[in-house]
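The residues making up each chain are set out below.
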Amino acid sequence: MSTQLNDGHGLVHTPSSVSASSAAPTIQDLKNAGIKHIRFYWVEPTNIVRLRILPISYFEKLLKSSRPGIGVPKVTGGFVFLSAAEGYGSAGEYLLVPDLSSLKITSYAPGHASVMGWFEEKDPFVGPDGQLSVKVPMCPRSTLRDLVQMAKQDGIEFIVGYENEFTFLLSTDPVTPGNIHQYSDAKGLIPSLRETQCLEEIVNCLIESGVNVETWHCEAGPGQYEIATGPLGPVEATDVLIHTRQTIINVAAKHGLHATFAPRISMTAPGSAAHMHISVHKTGHVKPKDGLSEIESSFLAGVMDELTALPAFSLPIPASYRRVVDGVWSGGTYVAWGTENRECPIRLSNSTSPNSRNFEMRFIDGTANPYLILACIIGLGYAGIKSKRQLRQQNFNMNFGPAQLSEKERQEMGVTQRMPLTWEESRKNLAQSEVLRDILGNSFVDRYLSVNKVLADALGIYDNEEDKALTRLVEFA
C-alpha cells in the first residue's frame, strides 16, 4: 500500500501508450460495418466546422487516385469571411486531403463515418528552400502536425486531453437554458430529464466511435455540462475534440435542444471554457516528484513569455472576455501559473505525480480554433525547451489568486503582467509578437487579424440577455 502511495496518483500515459490506443478503422472495416457515407470535415481558422458528404464508393475510388483530395474554394477553406476582409477576393481552390488516421464511425449519424483533412495547394510551387511544395501556411491542422513532427525529431513529444464545456438551450431566441442545477449536482442528472437522456446518448455515441470518455457531469451554470476525453497525441486529441463537439451538437438537435459552446450566455452564471491539458515528454528523461523537470520548466517558460498574445487565438471574440475575470475560477487576469490553482491561466495538475503531471491551459474557450491555439502552445513551448528558457514566475501555490495580493507581493513572485482584458488588447499583443509571427508566419498572423475583425463585427457585442447579438453568438458557437 505504501509503495503505491509513493508512486503518486492518476493514470500513467506515455506517447507510445496513447498512440497504440488510437488506431483508426480501415475502409474495409467501415464497409463491413455497413457504412455508406463519409463525412469529410475541415475547420476554418475562425473555428467554423465545414462538411462535405461523400458516398463511400466514391471515397474509395478517390483514395486510389494519384493524389486523393477534393477541391474546396479558398474562401471557405481558409476563412469564412475572407471575401469580406480588406484586400482578399474569392478566387482559387485548395485540395482538401483526407487523413485516414482520423477515420471514425459517427454513431450519431447511422451509416456514416467521418474523416478530417488538411489543405494542400493544387499546383506545386517553389518553396523558400528551392524545393517544390504544396504546403498551405493557412491550414491550422497541418501547422500543428508539422510542429509536432519538428519537436519529435529532437525527442520531444506531447500528450493532450480536452474538457468539453457546453450548454443545452431550449431556445436561441430568446436564449433559454435547460434545467437548473449546481456543480456536479445529482439532481442535474436525473434519468427522466431530457438533458440527461441526451447527454447519455452523446456519451454512448462517443464510446461506440472509439472515443475514450473519462467523465461527464453537470457544470455550475443552467443547462451546462462537461464531457472530458482521454489523452492522445496533439493532432489525434484535437480530432477527437472536433468529433466530440459534432456528436454533442447532432444528438442535442435530435432531442430538441441546441448545444452551444459560447463563452458566456449570462453574466449571472458561470461561463464555458475549453480547457486543454498538455504534458511534455522526452525519452530517458526522468521527471522529479518535487518540482518541474528541466524540459517542463523551459516549456512552461516559453508559453508564459507570450501569454499576453495567445488570447487573440484562444479568446478570439469580444464575448470571450466576459468569461475571464478574477475570483470566479475562470483563470483570472494575471500572467501566472500555480499548482491546482484555478485562478491562474495555467494550472499545474497532479504536481507531485510525475507520471500523470500536466499543464491545464485555462485561457481557452470553445470559439477558438483548437488546432491553431495548440500549434501556438506547442510552438512556444518547444522554442522554450530548445533555448533552455528560464522560468521567471514562481509557482502560485496558494488557495487564492494573484488578484488578492498587493502589487509588491505579486512583483516578488514574478507576476508582473496582466492578461489582456479586452479583445482589442489581445489583437494588439498578437500583432506585436515577433515569436508567434516566427512560428506561424507574418502572412498568417496578418490575415488572421483581418478576418478576425470581420467575424467580431458580424457577431457584435451583446449588452444583456435579451440582446439579438446574444442569439447570434449562441447560434455561431
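Remember, predicted model here, so these are calculated numbers, not experimental data.

A short note on the overall build of the chain
When helices and strands are tallied, the chain shows 16 helices and 15 strands. For the chain, the spread of C-alpha atoms along the principal axes amounts to about 65 × 60 × 55 Å. Counting only residues that meet the buried cut, the chain has 56% of its 477 residues in that class. Considering only contacts in the chain between residues 6 or more positions apart, those separated by 24 or more positions represent 69%. Summing over all exposed atoms, the chain offers an accessible surface of approximately 20200 Å²; the carbon and sulfur share of this is 51%. Looking at the chain, you have 43 positive and 51 negative side-chain charges, and the mean spots of the two groups are 4 Å apart.

Notes on empty space enclosed by the protein
Following the criterion strictly, the structure yields 6 cavities of 30 Å³ or more and no others. Computed from the structure, the largest cavity encloses a volume of approximately 70 Å³. For the lining of the largest cavity, the leading source of residues is helix α8 (residues 234–254), giving 4 residues. Here the residues of the lining of the largest cavity are counted per class, giving 5 nonpolar, 3 polar and 2 charged.

Comments concerning the environment of T308
Along the polypeptide, T308 turns up in the loop between α9 (294–304) and α10 (311–314). With relative accessibility at 15%, the residue T308 sits in the buried group.

Structural notes on the pattern of salt bridges
Tallied over the full model, the rule gives 22 salt bridges. Salt bridges sharing partners connect three or more residues here, namely E340, R347, E360 and R362.

Some points on the packing of α9 against helix α11 (residues 370–386)
One way to put it is that α9 packs onto α11 with a least axis distance of 7 Å and a crossing angle of 125 degrees. Taken together, the axes of α9 and α11 are oblique relative to one another. Crossing of α9 against α11: the hand is right-handed. From α9, I295, S298, F299, G302 and V303 reach across to α11, where they touch I377, L380, G381, Y382, G384 and I385. Looking at the contact of α9 with α11 residue by residue, the class counts come to 7 nonpolar, 4 polar and no charged.

Observations concerning the packing of helix α6 (residues 140–153) against α11
It is the contact of α6 with α11, at a shortest axis distance of 8 Å, that shows an interaxial angle of 25 degrees. Overall, the two elements α6 and α11 adopt an arrangement that is roughly parallel. Crossing of α6 against α11: the hand is left-handed. Within the contact between the two elements, α6 uses P140, R141, T143, L144, L147, V148, M150 and A151 and α11 uses Y371, L372, L374, A375, I378, G379 and Y382. Of the residues contributing to the contact of α6 with α11, the split by class is 12 nonpolar, 2 polar and 1 charged.

With respect to the layout of surface pockets
Considering only enclosed or pocket space, the largest pocket measures out at about 1100 Å³ in volume. Around the largest pocket sit 47 residues that line it, and E163, H277, R342, R347 and E360 are the ones nearest its centre. Of the residues assigned to the lining of the largest pocket, the class counts are 15 nonpolar, 19 polar and 13 charged. Residue lining of the second largest pocket: 26 residues in total, with K135, D146, M150, D438 and I439 positioned closest to the centre.

Some details on the UniProt feature "transmembrane region" (unreviewed entry) in the chain
Listed under "transmembrane region" (unreviewed entry) in the UniProt record, and renumbered for this structure, are residues 368–385. A helix fraction of 89% and a strand fraction of 0% characterise residues 368–385, whose end C-alpha atoms lie 25 Å from each other.

Reading guide: rules and limits
Residues numbered from 1 in each chain as written. Predicted model: local features only at pLDDT ≥ 70, side-chain atom pairs only at ≥ 80, totals over all residues. Heavy atoms only, no water. Helix = DSSP H or I, 4+ residues; strand = E, 2+ residues; numbered from the N terminus. Buried < 20%, exposed > 50% of the residue type's maximum accessible area, 1.4 Å probe, protein only. Contact = heavy atoms within 4.5 Å. Areas by Shrake-Rupley, 256 points an atom, 1.4 Å probe, with all protein chains shown as cover. Lys, Arg positive; Asp, Glu negative; His and termini not counted. Charge placed at Lys NZ, Arg CZ, Asp CG, Glu CD. 1 Å grid on protein atoms, 1.4 Å probe; cavity = no way out; pocket = protein on both sides within 12 Å on 5 of 7 lines; lining within 4 Å. Points joined across faces, edges and corners; volume = space filled by probe spheres on them. Nonpolar A, V, L, I, M, F, W, Y, C, P; charged D, E, K, R; others polar. Salt bridge = Lys/Arg side-chain N within 4 Å of Asp/Glu carboxyl O. Axes fitted to C-alpha atoms, helices over the stretch in contact; angles between N-to-C directions. Parallel < 35°, antiparallel > 145°, perpendicular 65-115°, else oblique. Left-handed = near helix turned anticlockwise from the far one by under 90°. UniProt positions renumbered as here; feature names shortened; annotations may be inferred.

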